[in-house]
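# Structure at a glance
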Amino acid sequence: MSKIIINEPDKKIMLGDLYGLFFEDLNHAADGGLYAELIQNRSFEFQEIDHPEYHALTAWEKAEECSETIDIGKAKADTAKANSTNTESTKADRAKDDDTSTDDTATAQVIWKIETAAPVSEKNPHYVTLTITEDGAGNGIRNTGFTPGIALKKDASYRFSFYAKREKDHSQPVIAVLEGQDKKQYASVELCVTGSEWELYSGILTSAEEDPAARFAIYVRGTGEVSFDFVSLFPTDTYRGRENGLRKDIAEMLASMKPKFLRFPGGCLVHDGSLDPDARNSMYRWKNTIGPLWDRPARRNNWRYNQTLGLGYFEYFQFCEDIGTKPLPVLPAAYDPHHKRLEPLDQLQPWIDDALDLIEFANGDVTTKWGAVRASLGHPKPFGLEYVGIGNEEVGEGFRERFPYFCKAIKEKYPEIKIIGTSGPFAAGGEFDTEWAQARKEDVALVDEHYYMAPEWFLAHHHRYDDYPRKGPKVFLGEYASWGNEYYNALIEASYMTGLERNAEAVGLACYAPMLCNVNYINWQPDMIWFNNHEVYGTANYYVQKLFMHHQGDWLYDTTMEDFEEPKTLDKPVSGAICLSSRGSVAEYSNILLRNNITQEEISFEDVKSSASGAGCNLTENDWEHYTLSFHAKELEGIQGFLIEFAKKDDWNRYCLELGGWQNQDATLQEFVNGRNICLIHELFEVEKDREYAIELTVDGYALSAKIDGKPVISTKVKPVVIEPLYCTASRDESTQETILKVVNVQKESVTTTLDLSGILRRDTKDISANADSINNQKVSGMLYELSGYELNEKNSFEQPERIKPAEQEVEFDDAIFSYEFAKESITIFRLK
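Residues numbered from 1 in each chain as written. Predicted model: local features only at pLDDT ≥ 70, side-chain atom pairs only at ≥ 80, totals over all residues. Heavy atoms only, no water.

### Here's the deal with the overall build of the chain
We count it as follows: Here a strand is any run of E in DSSP of at least two residues, a helix any run of H or I of at least four, and the numbering for each starts at the N terminus. A 1.4 Å probe rolled over the protein chains alone gives each residue an accessible area, and that area as a share of the maximum for its type sets the label: buried under 20%, exposed over 50%, partly exposed in between. Contact definition: two residues touch when any of their heavy atoms are within 4.5 Å. Exposure was quantified through the Shrake-Rupley algorithm and a 1.4 Å probe, taking into account, for residues, occlusion by the shown protein chains and nothing else. We treat Lys and Arg as the positive residues and Asp and Glu as the negative residues; His and chain ends play no part in the count. In this description, the location of a charge corresponds to atom NZ of lysine, CZ of arginine, CG of aspartate or CD of glutamate.
Secondary structure assignment for the chain yields 14 helices and 51 strands. Principal axes of the C-alpha set define a box for the chain whose edges measure 90 × 80 × 55 Å. Classification of the 833 residues of the chain by burial places 62% in the buried group. Here the analysis covers contacts within the chain between residues at least 6 apart in sequence; of these, 73% occur between residues at least 24 apart. For the chain, the accessible area works out to roughly 31,800 Å², and carbon and sulfur atoms hold 48% of it. For the chain, the separation between the mean place of its 87 positive charges and that of its 136 negative charges on side chains is 3 Å.

See the structure below:
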C-alpha cells in the first residue's frame, strides 16, 4: 500500500512570511471598496483624464430636479475651462475663467457651476457653487454614491462633513439628508453656514430605514451663492472605528485570513504615469497620499477611474498594524515601461530620496524628519517596515540602469531592509532571465515574479521551483492566479501551493492577485473577494488562501511518498488548424509556405490580408506535429503587428505566435486551454509599420520557435500536463506544538494511503528511549479541515456566499501510523498532536 512518511528534517527549512496579500486599487478596490467613503467624487475633481465620461459633476445631481440629465458635454467643457488655469494662476485669473462656468440646463431658481478661484486646497482646486435666486425647500445638490447608490442600514449612524461658505443669508438652514431616490428622508441634520470663508461642518445622521441605493443630499434655504467642497460621508462603524476608516465587512474578511504581509499599492498603477509628482496622471508618489485628505491631490488611476488617495500610505501602515501583518510597499523606479518615460540618471536623487524617506516615515524615531511627520499623524511608534519593492513588472534597460542606484542607497542607509526586485510580467523569457541576473548581481533579498495562467499550466509546472538556486535572492511570487473563481481553479492552486511550501528555501513570499473586486466596476477577473455596496463574499480561491495562511507552520518536515502509482501525463499533440490574423492592426501576408519537416511535403498559399477586427484566414487543417510555416508579413495599419494561430482545435483551444503585442512591445508564444491563456514565453520586439519581415514558425512536437529575417527571436518547449497521485507537504507549528499536513487530490477518484507520523512523534514524547511500538501505539488527535464534494465548475456568489467553504471536525487515530482515504478532487489539512 502507498505511504506518506513524515520525518524530522536534517536541516530546518523555515517558512517565514510565505503567505500574504496584495492590494491593488483596480476594480474600485479602494474608492467604492475597502475605503469606506460613501460619496463618489467628493471634491468635484473627476476629469476626462480619469475616464472619458468623467467630469466635475459626475455622481452629482441637483436636488430639486433629481431626474434631470446633466448636460455632460457642458460639464466637461466647464471642467476643462477650470482646468486650463494651473495651480500657479492667481485667484483673479481663476475668477475670470469661472465667469462662464455655468450650467445652461439650470432653472432660474438654482444655477450650479464649477469654480477654481478660491478652493479649500490648491491641490484639489475644483468646488461647486450654487446660485439660488428663489428660496425653496428643494434647492440643493445630492450625491448618488457608487453604483447603485449609498447603502444604508436601519439604525446605523453615518458621519457627514463638508466645507462650505456663503455670501449671505447666514441664518438660513443648510440641511444634510439621507434619502431614497424618491426623496423619502431617512435622516436629516440642520446647520447654518455662518461665513463667507471656508469652514468645515459635520454631524451624525442615523438612518431610519435600510436602503441599498440611497442618496446623500444637501438642501439650502434662502438665496444667494453657497459653495461646497470636500463633501464626505462615512459609516461610523468602520473597521476599528476610525473616522477615515475602512469598510468593516471587507476589512474583517482580510483580517480573518491572518496574512503574513500585505503588498501595496500595486501593480501597474505604481509606475504607469508622468514623472512629474504634481501631475494629475503622475506615477504613484507616496508623499501625495499622507496628511489632510483635502490636501491629497486627486490622481488618475491607470485602470480608468479616479483615486482620491484617501486610503494612503498612513492608512495602509495602520491597517497592517491592526491586522498583525507586515507592510510590503512597492515604489516606482523613475521609469514607466508602458510609455517609455524615464528620469535622466543625473536627476534620480528625488526618486531615491522618496524611497529613503518612506523607510524613515515607517521606521524613523520622532526626532527624524519623516518620523516626526508620522508622529504628527497620531502614530509616534514606528511601523517596523522590513520589505521594500522597487519597480513592478519592469522590463527593458530603462529600469535596469536605474535599479542599482536605489539598491546602493537603501543598503547604505538601511542595510536591514529587504529589497525586492522585479522579473517582469511573464514567467519565462529573455527579460525574465535578464532581470533575475541583475537581481543576483545587486544581491537583493527577493525577486518579484508574476504570472496568470490556465490551471493546466500550474499542473504542468508544479515542480517549477525544484531547481531554483537555494542561495541568493528568493522568489516573491507577487501576483498569480489560474484564470477563474470556480472550485477547479482553487483546487489546482492548492496543489501548486504545496510546491511553493516544499521549495521554501527558494520561495520566500507568495500572494494571490487581484484581491478585491467591486462587481459594478470590473477591470480584471478572477478576483479573490467580490463585493457590491453592501455585501461581500470570498471565492473558493479565498478559502484556499485562508486555509494555507492559517495552517502554514514555522518550518518543514521531510515528506516522502512511497509506492504510489506513476504520475499521469496528459498527452496533447501540438497539431491543428493554422490561421494568419492580427489584433488591433491590418497586416498583409505573402509568400506563404508550409513544409512538413518529416515528409518534406510543401503546401503554398495565396496572399492574405487581415482586418483590424482580428479577422484572418484559416490556411489549412492538418494533423502535422513537425513543420515550418514561412511567410512575409507587413503591418499596414494599427500598432499590434502580427498574430499567427496554430495547432488550433477551436477558438478556445489553440496556440499563438504574437509579434508586436501589447503596445507593440512584445513577442510571445501563447497557449489557450478552454479559453484560458498561458503565456509560454516572452521577448521584447517592436514591429515597424510598412516594413516587410520574413518570418518562420517551427513546430517540432512540443518544441516551438520562431525566426525573423533569419534570426531566432523566441523559442520554448511546452510542458505536458502531469497529474500526480497526491500533492502534499508537512510543517511544524511551534506555538501550538502541532504537526500540519496538507494533502491535495486533483484526481477524479479517491486515494487511500497510509500516513506515517511515527518519526516525528519521537520529538513529542518526553521519554526519549521510548521504543517504536510505544510510539506507534500512541494516539494522535487534532483537527481536520477539508474542501471536497464540489463540482469543478461550482463557485460562490452573492446568493450563495458560502457554497464552497471548508468543513472542519475533530479527529483521533489509535496510533501514529494510520490509513486515510482522501476524497476525489479534495483539499485536506490535518493539525495533529
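### Re the sheet that holds strand β26 (residues 529-531)
Condition: In this description, strands pair whenever DSSP reports at least two bridges between them. Throughout, an axis means a line fitted to C-alpha atoms (over the contacting stretch in the case of helices), and angles, computed between N-to-C directions, take values from 0 to 180 degrees.
The three strands are arranged β25-β26-β27 in an open sheet whose pairing can be described as mixed. Across the chains shown, the open sheet's two edge strands, defined by having one partner strand only, are β25 (516-518) and β27 (536-538). This sheet shows a mean twist of 20° between the axes of neighbouring strands, independent of strand direction. Here three bridges tie β26 to β27, and the two strands are oriented antiparallel to one another.

### Some words on the packing of helix α5 (residues 349-363) against helix α6 (residues 369-376)
The condition that has to hold: Each angle gets one of four labels, with under 35 degrees taken as roughly parallel, over 145 as roughly antiparallel, 65 to 115 as roughly perpendicular, and the rest as oblique. Whether a crossing is left-handed or right-handed is set by the direction in which the near helix is turned from the far one by less than a right angle, anticlockwise for left-handed and clockwise for right-handed. Amino acid classes used here: Ala, Val, Leu, Ile, Met, Phe, Trp, Tyr, Cys and Pro are nonpolar; Asp, Glu, Lys and Arg are charged; the rest, including Gly, are polar.
Relative orientation of the contacting elements α5 and α6 amounts to 50°, with a least axis distance of 7 Å. Put simply, α5 runs oblique to α6. The handedness of the crossing between α5 and α6 is right-handed. Residues Asp 357, Glu 360, Phe 361, Ala 362 and Asn 363 of α5 touch α6, and the partners they reach there are Lys 369, Trp 370, Gly 371, Val 373 and Arg 374. Of the residues contributing to the contact of α5 with α6, the split by class is four nonpolar, two polar and four charged.

### A closer look at the pairing of strand β40 (residues 676-684)
Within β40, eight of the nine residues are buried, which leaves the element mostly enclosed by the surrounding structure. Here strand β39 (residues 666-673) folds back onto β40, and the loop between the two strands holds two residues, one of which, Asn 674, carries a positive phi near 55°.

### Structural notes on the side chain of Asp 756
Rules: By definition, a salt bridge exists where a carboxyl oxygen of Asp or Glu is found within 4 Å of a side-chain nitrogen of Lys or Arg.
Note that Asp 756 resides in strand β47 (residues 751-756). Here Asp 756 is buried and forms no salt bridge, its nearest opposite-charge partner Lys 3 lying at an N-O distance of 4.4 Å. Once residues lying within four places of it in the same chain are set aside, the contact partners of Asp 756 are Lys 3, Ile 4, Ile 5, Ile 6, Ala 816 and Ile 817.

### Remarks on the packing of helix α4 (residues 313-323) against α5
Geometrically, a packed helix pair is captured by the angle between its two axes and the distance between the axes. Look at α4 against α5: their axes get within 11 Å of each other, and the N-to-C directions meet at 45°. Comparing their axes, α5 and α4 come out oblique. Crossing of α4 against α5: the hand is right-handed. Packed against α4, whose contacting residues are Tyr 313, Phe 314 and Phe 317, the element α5 presents Leu 358, Phe 361 and Ala 362 at the interface.

### Comments concerning helix α11 (residues 540-550)
Counting buried positions along α11 yields ten of eleven residues, so the element is predominantly enclosed. Residues Ala 540, Asn 541, Tyr 542, Tyr 543, Val 544, Gln 545, Lys 546, Leu 547, Phe 548 and Met 549 constitute the buried set of α11.

### A word on the pattern of salt bridges
Applying the stated criterion to the full structure yields 51 salt bridges. A salt bridge links Glu 37 to Arg 42; the shortest N-O distance between them is 2.7 Å. The pair Glu 37 / Arg 42 is uniform in exposure class, with both members buried. Notably, a salt bridge pairs Arg 831 with Asp 733, separated by 2.6 Å at the nearest N-O pair. Of this pair, Arg 831 sits in strand β51 (residues 826-832) while Asp 733 sits in strand β45 (residues 727-733); the two residues are 98 residues apart in sequence, bridging distant segments of the chain. A relative accessible area of 7% places Arg 831 in the buried class. In this structure Asp 733 comes out as buried when scored by relative accessible area, which is 11%. Connected through salt bridges with shared partners, the residues Asp 17, Lys 326, Glu 386 and Lys 418 form a single ionic network.

### Here's the deal with a negative patch on the surface
The condition that has to hold: Every patch collects residues that have over 30% relative accessible area and no salt bridge, joining them within 9 Å if they carry like charges and within 5 Å if they are nonpolar side chains (Val, Leu, Ile, Met, Phe, Trp, Tyr).
Together, Glu 588, Glu 606, Asp 607 and Glu 692 give the surface a local cluster of negative charge. By the secondary structure assignment, Glu 692 is in strand β41 (residues 692-700).

### Let's talk about the nonpolar core
The criterion, for reference: By convention a nonpolar core is built from buried Ala, Val, Leu, Ile, Met, Phe, Trp, Tyr and Cys residues, the set being connected through side-chain atoms within 4.5 Å.
Within the largest apolar cluster, 181 residues are counted, with the highest numbers of intra-cluster contacts made by Phe 23, Tyr 313, Tyr 451, Phe 642 and Phe 646. With nine residues, the top contributor of residues to this core is helix α10 (residues 487-502). For Phe 642, the contacting residues outside a window of four places in its chain are Ser 581, Ala 587, Tyr 589, Ala 633, Lys 634, Glu 635, Leu 657, Glu 658, Leu 659, Val 687, Tyr 693 and Ile 695. Counting residues in hydrophobic clusters, the runner-up holds 37 residues, among them Ala 56, Tyr 158, Ala 164 and Ala 187.

### Some words on the packing of aromatic side chains
Applied cut-off: Pairing of aromatic rings covers Phe, Tyr and Trp, the last through its six-membered ring, and needs centres within 6.5 Å; plane angles under 30 degrees mean stacked, over 60 mean edge-to-face, and all others mean tilted. To sit over a ring, a charge needs its Lys NZ or Arg CZ within 6 Å of the ring centre and within 35 degrees of the ring normal.
Considering all chains together, one arrives at 57 aromatic pairs under this definition. Aromatic side chains Tyr 19 and Phe 548 sit 5.9 Å apart centroid to centroid with 85° between the ring planes, which places their arrangement in the edge-to-face category. On the criterion of sequence distance, the pair formed by Tyr 19 in the loop between β1 (3-7) and β2 (21-22) and Phe 548 in helix α11 is long-range, its members being 529 residues apart. Neither Tyr 19 nor Phe 548 differs from the other in exposure class; each is buried. For the ring pair Tyr 452 and Trp 483, a centre distance of 5.8 Å and an interplane angle of 40° mean the geometry is tilted. Linking Tyr 452 in strand β22 (residues 446-452) with Trp 483 in the loop between β23 (474-481) and α10, this pair joins segments that are 31 residues apart in sequence. Given the relative accessible area of 14%, Tyr 452 is considered buried. An aromatic cluster is defined as three or more aromatic residues linked by ring pairs; in this entry it consists of Phe 23, Phe 264, Tyr 284, Trp 286, Tyr 313, Phe 314, Tyr 316, Phe 317, Phe 361, Trp 370 and Phe 383. Note that Arg 263 overlies the ring of Phe 22, its terminal NZ or CZ placed 4.1 Å from the centroid.

### Here we look at the state of the cysteines
Note the following rule: To count as a disulfide, a pair of cysteine sulfur atoms needs to be within 2.5 Å.
Under the definition given, this model contains zero disulfides. Looking at Cys 407, it has no disulfide partner, and the nearest cysteine sulfur is the one in Cys 511, 20 Å off.

### Regarding the pairing of strand β8 (residues 157-166)
Across the ten residues of β8, eight count as buried, placing the element largely inside the fold. Note that β8 and strand β11 (residues 199-206) share eight bridges and pair antiparallel. Counterpart to Tyr 158 in the pairing with β11 is Leu 205. Of the strand pairs in this sheet, β8 and strand β13 (residues 224-235) are connected by eight bridges, and their pairing is antiparallel. Considered in β13, the bridge of Tyr 158 is made with Pro 235.

### Here we look at the environment of Tyr 487
Filter applied, for reference: Counting of polar contacts relies on pairs of N or O atoms within 3.5 Å, with two restrictions inside protein: one atom must be capable of donating a hydrogen and the other of accepting it, and residues adjacent in sequence are counted only when both atoms are side-chain atoms.
On the secondary structure map, Tyr 487 appears in helix α10. Put simply, Tyr 487 and Lys 572 are 85 residues apart on the chain and 24 Å apart in space, counted from C-alpha to C-alpha. Discounting chain neighbours no more than four positions away, the residues touching Tyr 487 are Ala 540, Leu 787, Ser 788, Tyr 790, Glu 791, Leu 792, Glu 794, Ile 804, Glu 825, Ser 826 and Ile 827. A distance of 3.1 Å separates the side chain of Tyr 487 from the backbone oxygen of Leu 787, its partner in a polar contact.

### What about the sheet that holds strand β49 (residues 807-813)?
Backbone hydrogen bonds hold the strands of a sheet together, and the pairing may be parallel or antiparallel. What the six strands build is an open sheet, ordered β28-β45-β46-β51-β48-β49; its pairing is antiparallel. The strands lining the two open edges of the sheet, one partner per strand, are β28 (555-556) and β49. Across the sheet, α10 touches β28, β45, β46 (738-745), β48 (780-787) and β51, and the angle it forms with β45 is around 60°. Lying over the sheet, α11 contacts β46, β48 and β51, oriented at roughly 20° with respect to β51.

### Focus: the confidence of the model for the chain
Rule in force here: One number per residue, pLDDT, summarises how confident the predictor is, and it ranges from 0 to 100.
Residues with a pLDDT of 70 or more make up 93% of the chain, whose mean pLDDT is 93. Across residues 66-106, confidence stays below pLDDT 50; counting only partners more than four residues off in sequence or on other chains, it has 69 contacts.

### Things to note about α6
Because an α-helix completes one turn every 3.6 residues, residues spaced three or four positions apart along the sequence face the same direction. To keep things clear, this is the line we draw: When we speak of the arc, we mean the arc of directions from the helix axis to the C-beta atoms.
Regarding α6, the residues found buried are Trp 370, Gly 371 and Arg 374. All buried residues of α6 project into a common sector of 105° when viewed along the axis, lining one side. With respect to the buried face of α6, the exposed residues turned more than 90 degrees away are Lys 369 and Ser 376. Note on α6: the residue one or two positions beyond its end, Gly 378, has a positive phi of about 105°.

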